[in-house]
Amino acid sequence: MQEYLIAFGREPEFTITELAATARRFALPLQWRLVGKTVGLVTGELSEKFLDALAGTVKVAEVLTEVKVSKEEIVSFLSSQLEQTERCEFGLSWYGPKPPRWLMPVGLSIKNQLKNESRHVRYVTSRTPVLSSVVVKKNKLLPPTGYEFFLLPEGDKIIIGRTIWVQDFEAWSQRDYGRPARDARVGMLPPKLARIMINLAEAREGAGILDPFCGSGTVLQEAAILGYRHLVGVDADSNGVTRTRENFVWLKKQYQQIPEPALMVADISRLPTVLNNSTYDAIVTEPYLGPPLRGRENINRLEQIRQELTEFYKNTIKVLSLMVKPGGRIVMVWPVLQAGKEYLPLPLINEIKLHGLELVEMLPKQIPNGWRNNRGTLWYARPDARVIREIVVLQKQ
Ligand SMILES: C[S@@+](CC[C@H](N)C(=O)[O-])C[C@H]1O[C@@H](n2cnc3c(N)ncnc32)[C@H](O)[C@@H]1O
């Protein structure tokens, strides 16, 4: 069985949880363990389709070997890898805590050795010990012709891999910033988070997916790219629905086989009367997150907002529980307010049981306790955000 090194994104617990959920959906048995805080070592068969479905994985390398920490051994192994090709481009990425002094000399020794054999060789470096996906892609360091060696120290050894896949950063950025209809006032879900949320729903092919707070359509857009065909979007604001529609016109020009979502203007309270109940395999959504905050609100004001949001979310959860099929999942954002250093999550965990829903704890068991919160959910915080997004996965009994 092939071993792979997986470089995590900015939120490792999201990368890991998404990987585990998506592997279940693809029926891929994966064994894995963590190496440090930023890399996972996975054993299994990873197809390109599986990797392209992921949002939280940045880079994947095939494990080639394990060597002792010795400059000579590393130079000899890496040079042997580059032997086959007349011309080659290569780079080194160091995934340990601190890059060793010999890292740059290793690259230069290999380059000089190959040059002495009159081969065309280019050694790609950057200011950081890890080459970014952008550097890897733009400098053609991917197979079949290029090489990025992924160096991961563990104990007195170094695991060496060859990068085979990097995230399509251009496509992600285009879908985030390049789509025509955006509304920063309402707040848009980052496309990667939308994709991860869909993957956490583990919905089968052909599933019906509903976003009842669709806004500019980020969730529906990512679901469409993943191949889901039965998409329904609703928003109380007709401008939201119009933005989703415009974004889908654009999306169809960028990708093949993008389906037409069914779109409708309706308040969440009206959903049970305008859509068929118990119909959706998955509801993936980011509801209203509360009024814009300036960061200067006092605790009384924040408590008042929290109470209003709690009422709104109680009603929303009740409605969603009517729309989802038995066994289906609701993957949703709950806002967490911040009062200075204190967090104010919504007190909804007990509420969900009243509606035949159960919280699904998604983070795999092997993950250390320090990475979990005591609510069984995942928290997504942008560095300067005033509202944290709590990602909650609920299953209908
Ligand atoms: C945070 S935004 C969702 C943004 C969306 N995820 C996106 O990426 O564009 C919340 C959306 O909920 C809608 N909304 C607010 N209150 C609503 C209600 N009572 N019923 C239905 N939609 C509502 C807003 O119009 C807004 O588009």
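Because the structure is predicted, anything quoted here is derived from the model rather than measured.

Draft legend 1. Broad picture of the overall build of the protein chain. In terms of helices and strands, the protein chain carries 11 helices and 17 strands. A compact globule built from 397 residues would reach a C-alpha radius of gyration of about 21 Å, and the protein chain, at 23 Å, matches this within 12%. If you line up the protein chain on its principal axes, its C-alpha atoms span 75 × 45 × 40 Å. Across the 397 residues in the protein chain, those meeting the buried criterion constitute 38%. In the protein chain, once contacts between residues fewer than 6 apart in sequence are set aside, the share between residues at least 24 apart is 74%.

Draft legend 2. Main features of helix 7 (residues 191–201). Burial within helix 7 is extensive, with 11 of its 11 residues counted as buried. Within helix 7, the full set of buried residues consists of Pro191, Lys192, Leu193, Ala194, Arg195, Ile196, Met197, Ile198, Asn199, Leu200 and Ala201. In the segment just after helix 7, Glu202 is the residue with positive phi, at about 50°.

Draft legend 3. Geometry of the packing of helix 7 against helix 8 (residues 218–226). At a closest axis distance of 9 Å, the pairing of helix 7 and helix 8 adopts a crossing angle of 60°. The orientation of helix 7 with respect to helix 8, classified from their angle, is oblique. Handedness of the crossing formed by helix 7 with helix 8: right-handed. Across from Pro191, Ala194, Arg195, Met197 and Ile198 in helix 7, the residues of helix 8 making contact are Thr218, Val219, Glu222, Ala223 and Leu226.

Draft legend 4. Local environment of the sheet that holds strand 4 (residues 57–68). A sheet is described by the order of its strands in space; here 8 strands give the open sequence 2-3-1-4-8-7-5-6, paired in mixed fashion. For this open sheet the edge positions go to strand 2 (31–35) and strand 6 (120–124), each flanked by a neighbour on one side alone. Strand-to-strand, the axes of this sheet are offset by a mean angle of 30°, without reference to chain direction. As paired elements, strand 7 (residues 146–154) and strand 8 (residues 157–166) share 6 bridges and run antiparallel to each other.

Draft legend 5. Region of interest: helix 9 (residues 238–254). In a regular helix each residue adds 1.5 Å, so 17 residues correspond to 24 Å; helix 9 covers 25 Å between its end C-alpha atoms and thus fits that length. Buried-residue contacts for helix 9 involve helix 8, strand 10 (230–235) and strand 11 (262–265).

Draft legend 6. Representation of the pairing of strand 8 within the structure. Of all 10 residues in strand 8, 8 are buried; the element is thus mostly enclosed. Taken together, the 9 bridges between strand 4 and strand 8 define a ladder with antiparallel strand orientation. Bridged to Ala61 within strand 8 is Thr163. Counted between consecutive antiparallel strands, the loop separating strand 7 from strand 8 contains 2 residues, among which Gly155 sits at a positive phi close to 60°.

Draft legend 7. Structural context of the packing of helix 3 (residues 71–81) against helix 4 (residues 103–116). It is at 10 Å that the axes of helix 3 and helix 4 come closest, and there the two elements cross at 45°. Here helix 3 lies oblique to helix 4, going by the angle between them. Crossing handedness for the pair helix 3 and helix 4: right-handed. Note on element contacts: helix 4 touches helix 3 through Val106, Ser109, Ile110 and Gln113, opposite Lys71, Ile74, Val75, Leu78 and Ser79. Class assignment of the residues belonging to the contact of helix 3 with helix 4 gives a composition of 5 nonpolar, 3 polar and 1 charged.

Draft legend 8. Fine view of the nonpolar core. Met197, Ile209 and Val331 are the most contacted members of the largest nonpolar core, which has 90 residues in total. Broken down by element, this core gets its largest block of residues, 7 residues, from helix 7. Counting contributing residues per domain, this core is built from domain 1 (3–167) and domain 2 (177–396), each supplying no fewer than three. Apart from the residues lying within four places of it in its own chain, the contact partners of Val331 are Met197, Leu200, Ala201, Ala282, Val284, Ile391 and Val393.

Draft legend 9. A look at the domain arrangement of the protein chain. With domains assigned, the protein chain is organised as domain 1 (3–167) and domain 2 (177–396). On a C-alpha basis, the centroid separation for the pair domain 1 and domain 2 is 34 Å. Each partner contributes to the interface: domain 1 provides 15 residues, whereas domain 2 provides 15 residues. Across the side of domain 1 that touches domain 2, the residue classes break down as 6 nonpolar, 3 polar and 6 charged.

Draft legend 10. Molecular detail of the pairing of strand 5 (residues 87–94). In terms of strand pairing, strand 5 meets strand 6 through 5 bridges, oriented parallel. Across the sheet, the residue bridging to Glu89 is Arg122, located in strand 6. Since strand 5 and strand 6 lie parallel, the crossover through helix 4 that links them has a hand, and here it is right-handed.

Draft legend 11. Expanded view of the environment of Trp165. Summarising the element assignment, Trp165 is placed in strand 8. Residue classification places Trp165 among the buried positions, given that 22 C-beta atoms sit within 10 Å. Along the chain, Trp165 and Val58 lie 107 residues apart, while their C-alpha atoms are 8.5 Å from each other. Not counting chain neighbours up to four residues away, the residues in contact with Trp165 comprise Leu51 and Val60.

Draft legend 12. View of the environment of Ala171. Structurally, Ala171 can be placed in helix 6 (residues 169–178). For Ala171, a count of 15 C-beta atoms within 10 Å gives the class partly exposed. Residues Ala171 and Val241, 70 residues apart in the sequence, show an inter-C-alpha distance of 23 Å.

Draft legend 13. Quick peek at unusual backbone geometry. Residues Pro143 and Pro144 are joined by a peptide bond in cis, for which omega reads 10°. Looking at the secondary structure, you find Pro144 in the loop between helix 5 (133–138) and strand 7. Phi angles above zero are rare outside glycine, and Ala27 is one such case at about 55°. You can see Ala27 is positioned in the loop between helix 1 (12–25) and strand 2. With a phi angle near 55°, Lys140 is a residue other than glycine that sits in the positive phi range. Looking at where Lys140 falls in the secondary structure, it is placed in the loop between helix 5 and strand 7. Its 12 C-beta neighbours within 10 Å are what place Lys140 among the exposed residues.

Conventions and cut-offs
- The numbers attached to residues start from 1 for each chain and follow its sequence in the written order.
- Whole-chain, interface and lining totals are the exception, using all residues; otherwise, since this is a predicted model, local features are given only for residues with pLDDT of at least 70 and side-chain atom pairs are given and counted only at 80 or more.
- Note on conventions: DSSP H or I runs of at least 4 residues are helices, E runs of at least 2 residues are strands, and numbering of each starts at the N terminus.
- Both definitions apply: the radius of gyration is a C-alpha atom measure, and the globule rule equals 2.2 Å times residues to the power 0.38.
- Burial is judged by counting other C-beta atoms within 10 Å of a residue's own C-beta: 20 or more means buried, 12 or fewer means exposed, and anything between counts as partly exposed, with every C-beta placed from the backbone.
- Think of it this way: build a C-beta for each residue from its backbone, and any pair within 7 Å is a contact.
- Note on method: axes are straight lines fitted to C-alpha atoms, helices fitted across the in-contact stretch only, with angles between N-to-C directions ranging 0 to 180 degrees.
- By the definition adopted for this analysis, an angle is roughly parallel if under 35 degrees, roughly antiparallel if over 145, roughly perpendicular if from 65 to 115, and oblique otherwise.
- For any pair of crossing helices, the crossing counts as left-handed if the nearer helix is rotated counterclockwise from the farther one by less than a right angle, and right-handed if it is rotated clockwise.
- Paired strands are those between which DSSP finds at least two bridges.
- Between the first and last residue of a helix there are one fewer steps than residues, each counted as 1.5 Å, and that sum is the expected span.
- Charged residues are taken to be Asp, Glu, Lys and Arg, nonpolar residues to be Ala, Val, Leu, Ile, Met, Phe, Trp, Tyr, Cys and Pro, and polar residues to be all remaining types, Gly included.
- Among buried residues, those of type Ala, Val, Leu, Ile, Met, Phe, Trp, Tyr and Cys that are joined through C-beta atoms within 7 Å form a set called a nonpolar core.
- What marks off one domain from the next here is an automatic or database domain assignment.
- Whether a crossover is right-handed depends on one test, that the path from the first strand over the helix to the second runs clockwise when the strands point away from the viewer.

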